[in-house]
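Given next are the chains, with one letter for each unit.
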Amino acid sequence: MAKSNTPAKSSTLDAHVMSAEAALHDRFGLTYGQLQKVIADAVKGTGGKNGFCDVFLQAGSALGVSLDQGVIKSTSASHTSGAGVRVVVGDKTGYSHTDHVTVGNLRRCATIARAISEHAVDSGNVPLSPVSSVPHDLYAVTDSPVGIELKERIALLRKMDQLARAYDARITNVTVGLFVEDYTVIIATSRGDIMADKRPLVRLNVSCLAEEGTRRETGSSGGGGRFGFEVLSDETYWREHVQIAAKQAIDLLGATAAPAGEMDVVLGGGWPGVLIHEAVGHGLEGDFNRKGTSAFSTLMGQSVASKLVTVIDDGTIADRRGSLNIDDEGTPTGRTVLIENGRLTGYLQDKQNASLMQSKLTGNGRRQDYRYAPMPRMTNTYMAEGESSPEEIIASVKYGIYATTFGGGQVDITNGDFTFSATGAFLIEDGKITRMVKGATLIGNGPKALHNVTMVGNDVSLDKGVGTCGKDGQGVPVGVGMPTIRINNITVGGSKS
C-alpha cells in the first residue's frame, strides 16, 4: 500500500515497543544493574552541581544496493554495535564512546567523559521536569527490512530500471538504489530511566538521464520512511517514483532559460518545505538561540512572519522518515508549534539546552549514531495549511515562477539569508503555467520571505521521505513539508533577463 504524504496522528504504545532491559541483555549481554554502576562512575563528575549523565547504546545493520546502466554498481552491508557515555555540567559536555561494548570499556568511557566535564565551574543547569508522556509506537513493521534477501531487492531495482527505460526512447541511462536499516537503541540516564527503541528505515532512489541531440538532462525521485520493505515493493509505490523521474528528465529537454529578477514566486506543496527547514528551522534550534547566534534569538513572542504562517515540528507522525518513538536522550518526541500565525512561539530543545534556557523538553535531542553526543535537531518540519486552493494561488500571479522541487541550497542561520536551486520550475504568465524553465535560483532572507507570504494553500503535504539534515558533521533523517504558498518579491537568479 502506498503511503500518504499528509500528516497523520500517531498511534499509542503497544507491543511493538520493546522491553529496554530485555534488549540490553539480548543485544549486548549486559544487565541494567551493570549500566547503573557505569552511570554512578560518570556522575561523580557532577557532584554538587546540577548536571546529568546518560549512556546510549546502539546495535543493528544497514544494507544498500544500486544498479547503474542495468548492472549492479555496488552493494554494501554494515553492522554496528557501540555505545557512548555523556556527562553534562552547565554548557560543558564530556563524551566518550566505544566500538566494543563491555562493562570495562563503558567504565573507561565514563571516566573520560567525567574528566572532560568535572572542571566546569558553574553548572547553570536547572533540573528538568519529569517526562510524563510514554514513548510512541510509530513504526508498524512486522518483518525487519534488513531480513530481505539481496536477490529480492535486486529484482525490485531491475523492474524499476526497465519501467524507466520504457517511458521514452530518449531515456538513455537509469540509476536506481535501495537502502534499508534496522537499529536498536537503548538509553539509560542518571535520573533512573532506561528506554529502548527499534528503528527501521527504508529508502529507494531513481535517477533518469535523457538525451536529445547535444542536450542532456536528468530527473530524479525517491521515497521512504520508517515502514517495511513491502511498502517499497508495492508496484503503485515504486512506479510513481520512476514516472516522476523519467517525466522530469524528458520535460527538461524542452525547458527554456529561467528569467532573472525580483518577482512573485509560488512554491508547490511537499518537498519545497526544505526552504522552511533550512531558512527557518535551523534558526529555531535551542543551541543557536541559547548562544545568541540565531537571527531569532531575541524574538520570542514577536512577529517573525506573515499572520498566514504557522510552522510546526512534529516527530510523532506515524511511519515518517523524521519520526521517532523517543529521541536520542530517551524523551518521547513531540509536536512543537514554532511559529503560530506569524508569532514566534517555540524553540527545539534537547536536555542540555532546555535546562540552561529553563525551557520544557520537546523531544528533539538527536545524534547520527553512538559516536556522537546529541544536540537539538528537527524531525518533520512543515508549514500548516491555509484556506486558498492551489489554483487560486497560481491564478493570482501576473508574472512569476512556480517551483515544485529543489536541489541544493545554503542558508546562513545568523541572518537567515538563503540560496536554493529549483530543479523543477515553471513560468507563470497571466495566472497560468505556460512552460518549464531551467536554472532558476531563489535568493532571499528567511524572516523577510516569511513576512512576504501572501497566500497559503489548503493542500499541505510532506515530502516523500528522502531528506537527511546535516549539522556539525552529523546527518539525521528528517521530513519537510508545506502547502502551496505565494511569496512576493523574491529574487530569482536565472540566465534570461
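Look up a bit, the structure's there.
Below you will find a few notes about this structure. (Residues numbered from 1 in each chain as written. Predicted model: local features only at pLDDT ≥ 70, side-chain atom pairs only at ≥ 80, totals over all residues. Heavy atoms only, no water.)

Digging into the overall build of the chain
At step 1: Scanning the chain from N- to C-terminus turns up 11 helices and 24 strands.
At step 2: Here the C-alpha radius of gyration of the chain, 24 Å, is about what a compact globule of 497 residues would show, namely 23 Å.
At step 3: Referenced to the eigenvectors of the C-alpha coordinate spread, the extents of the chain come out at roughly 70 × 55 × 35 Å.
At step 4: If you take every contact in the chain between residues at least 6 apart in sequence, the share linking residues at least 24 apart comes to 76%.
At step 5: For the chain, the distance from the average position of its 49 positive side-chain charges to the average position of its 53 negative side-chain charges is 3 Å. (Helix = DSSP H or I, 4+ residues; strand = E, 2+ residues; numbered from the N terminus. Rg over C-alpha atoms; globule rule 2.2 N^0.38 Å. Contact = heavy atoms within 4.5 Å. Lys, Arg positive; Asp, Glu negative; His and termini not counted. Charge placed at Lys NZ, Arg CZ, Asp CG, Glu CD.)

Describing the sheet that holds strand β3 (residues 92-98)
At step 1: The strand order across the open sheet formed by six strands is β3-β2-β1-β4-β5-β6, and the pairing between neighbours is antiparallel. Edge positions in the sheet fall to β3 and β6 (215-225), since each has one partner strand and no second. Within the sheet, the average angular offset between the axes of one strand and its neighbour, ignoring direction, is 20°.
At step 2: Across 17 bridges, strand β4 (residues 171-189) lies against strand β5 (residues 194-212) in antiparallel orientation. Residue pairing across strands places Ile 186 opposite Ala 196, the latter belonging to β5.
At step 3: Packed onto the sheet, helix α3 (residues 103-117) meets β1 (52-68), β2 (71-89) and β3 and runs at close to 160° relative to β3.
At step 4: In this fold helix α4 (residues 150-167) packs onto β1, β2, β4 and β5, with an angle of close to 140° to the strand it touches most, β4. (Pairing = 2+ DSSP bridges. Axes fitted to C-alpha atoms, helices over the stretch in contact; angles between N-to-C directions.)

Structural notes on α3
At step 1: The terminal C-alpha atoms of α3, which comprises 15 residues, lie 21 Å apart, in line with the 21 Å expected from a rise of 1.5 Å per residue.
At step 2: Buried within α3 are the following residues: Asn 105, Leu 106, Cys 109, Ala 110, Ala 113, Arg 114 and Ser 117.
At step 3: Buried positions along α3 lie against α2 (32-42), β1, β2 and β3. (Expected span 1.5 Å × (residues − 1). Buried < 20%, exposed > 50% of the residue type's maximum accessible area, 1.4 Å probe, protein only.)

A look at the pattern of salt bridges
At step 1: Following the criterion strictly, the structure yields 23 salt bridges and no others.
At step 2: A salt bridge links Arg 170 to Glu 212, with the nearest nitrogen and oxygen atoms 3.2 Å apart. Here the residue Arg 170 occupies a position in the loop between α4 and β4, and Glu 212 occupies one in strand β5, the gap between them amounting to 42 residues.
At step 3: Here the salt bridges do not stand alone but share partners, grouping Asp 41, Lys 44 and Arg 107 into one network. (Salt bridge = Lys/Arg side-chain N within 4 Å of Asp/Glu carboxyl O.)

Quick notes on the sheet that holds strand β14 (residues 380-383)
At step 1: Taken in spatial order, the six strands line up as β11-β10-β9-β14-β23-β20 in an open sheet, and their pairing is mixed. The sheet is open, and its two borders are formed by β11 (343-344) and β20 (461-462), each paired with just one other strand.
At step 2: As paired strands, strand β9 (residues 311-314) and strand β10 (residues 335-340) are joined by four bridges and run antiparallel to one another. Within β10, the position partnered with Asp 313 by the bridge is Thr 336.
At step 3: Strands in contact with helix α7 (residues 274-281) are β9, β10, β14 and β23 (479-482); relative to β23, the strand with the most contacts, it is inclined by about 105°.

Details of the nonpolar core
At step 1: Leu 267 and Ile 339 are the most contacted members of the largest nonpolar core, which has 43 residues in total.
At step 2: Those residues in contact with Ile 339 that lie beyond four places of it in its chain are Val 280, Leu 284, Val 304, Ala 305, Val 309, Thr 310, Val 311, Leu 344, Thr 345 and Leu 450.
At step 3: Core analysis: the second largest hydrophobic core is formed by 32 residues, Ala 164, Val 202, Ala 210 and Leu 253 among them. (Core = buried A, V, L, I, M, F, W, Y, C linked by side-chain atoms within 4.5 Å.)

Some details on unusual backbone geometry
At step 1: Positioned with a positive phi, Asn 341 is a non-glycine residue whose angle comes to about 50°.
At step 2: When you line up the elements, Asn 341 lands in the loop between β10 and β11.
At step 3: The backbone phi angle of Asp 472 is positive, close to 50°, even though this residue is not glycine.
At step 4: Relative to the helices and strands, Asp 472 resides in the loop between β21 (468-471) and β22 (474-477).

Here we look at the packing of α4 against helix α6 (residues 235-253)
At step 1: It is the contact of α4 with α6, at a shortest axis distance of 9 Å, that shows an interaxial angle of 35°. Crossing of α4 over α6 shows right-handed handedness. Between α4 and α6, the contacting residues are Leu 156, Lys 159, Met 160, Leu 163, Ala 164 and Tyr 167 on the first element and Trp 238, Arg 239, Val 242, Gln 243, Ala 246, Lys 247 and Ile 250 on the second.
At step 2: Looking at the contact of α4 with α6 residue by residue, the classes come out as nine nonpolar, one polar and three charged. (Left-handed = near helix turned anticlockwise from the far one by under 90°. Nonpolar A, V, L, I, M, F, W, Y, C, P; charged D, E, K, R; others polar.)

Regarding the pairing of strand β16 (residues 417-429)
At step 1: Across 11 bridges, strand β15 (residues 399-412) lies against β16 in antiparallel orientation. Following the sheet pairing, Gln 410 is matched in β16 by Thr 419.
At step 2: Two strands pair when backbone bridges link them, and β16 and strand β18 (residues 441-445) are joined in this way by five bridges, in the antiparallel orientation. Each residue of the ladder has a partner; that of Asp 417, found in β18, is Asn 445.

Limitation: the analysis is restricted to geometry and does not speak to function.
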